[in-house]
Amino acid sequence: EYLEIEPIINGQAMRMKIDPRTSLADLLREQLGLTGTKIGCNQGACGACTVHLDGMRVNSCLTLAIQTDGLEVTTIEGLGTENEFHPVQGAFMMHDGFQCGYCTSGQIMSAVMVLKENHAATTEEIQEWMSGNICRCGAYKGIVAAVEAARD
Ligand code: FES
């Protein structure tokens, strides 16, 4: 049985009927076409699917779409525009905070929140608070440099 939910996605109030088993990641990617959010492990271990839910970062693969009813969801598409990047997006570009780019949306969504929550005072603190976002290419040096640049 489908349930009706009313999330606010990237600032836009929506109403939709969904299968209650649908993950937030699948809702975003398959039903809304917001494919900037990536699925890596699909079990909460890699962080590729990180989005913001009411000001907190969540793994959208482990979040049920119905949990977003009445709440604000922000994805990478809601962060900057093609003409104007969010400062953290700009910092990732400046400092090569990626290689293949697959994990980048999740890295940036995490970084925005880590900075907002002031968990980026030192390199070690950044590494610790960004540790839920895995980069298979090992672009960690650039990622940390980008977070530091966006902080300063
Ligand atoms: Fe969600 Fe890996 S795809 S944590």
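Residues numbered from 1 in each chain as written. Predicted model: local features only at pLDDT ≥ 70, side-chain atom pairs only at ≥ 80, totals over all residues.

For helix H2 (residues 87-94), the full list of buried residues reads Val88, Gln89, Ala91 and Phe92. Projected down its long axis, H2 shows its buried positions confined to an angular sector of 160 degrees, all on one face. Buried residues belonging to H2 abut helix H3 (104-116) and helix H5 (140-151). Asp96 occupies a position one or two residues after H2 and carries a positive phi of about 50 degrees. (Buried ≥ 20, exposed ≤ 12 C-beta atoms within 10 Å, placed from the backbone. Helix = DSSP H or I, 4+ residues; strand = E, 2+ residues; numbered from the N terminus. Arc of directions from axis to C-beta. Contact = placed C-beta atoms within 7 Å.)

It is worth spelling out the pairing of strand E5 (residues 50-53) at this point. Two elements, E5 and strand E6 (residues 56-59), share four bridges in a ladder whose sense is antiparallel. Along E6, the bridge assignment pairs Leu53 with Met56. Joining the antiparallel neighbours E5 and E6 is a turn of two residues, in which Asp54 adopts a positive phi near 50 degrees. In the sheet, E5 pairs with strand E7 (residues 72-74) via two bridges, with the strands oriented antiparallel. Looking at the pairing, His52 lines up with Thr74 of E7. (Pairing = 2+ DSSP bridges.)

Right, let's get into unusual backbone geometry. Peptide bonds are, in most cases, trans, and in most cases residues other than glycine have a negative phi. Positive phi is not limited to glycine here, since Asn42 has a value of about 60 degrees. The residue Asn42 is located in the loop between helix H1 (24-31) and E5 in this model. One non-glycine residue with positive phi stands out, namely Asn118, at about 60 degrees.

Moving on, we get to the domain arrangement of the protein. Reports of interface size often rely on the accessible area that becomes lost once the parts have come together. In terms of domains, the protein is made up of domain 1 (3-78) and domain 2 (87-151). When each unit is reduced to the centre of its C-alpha atoms, the spacing between domain 1 and domain 2 is 21 Å. In this assembly, 13 residues from domain 1 lie in contact with eleven residues from domain 2. Per-element tally for the side of domain 1 that touches domain 2: the top contributor is E5, with three residues. Each residue belonging to the side of domain 1 that touches domain 2 can be placed in one class, and the counts come to five nonpolar, six polar and two charged. (Domains from an automatic or database assignment. Nonpolar A, V, L, I, M, F, W, Y, C, P; charged D, E, K, R; others polar.)

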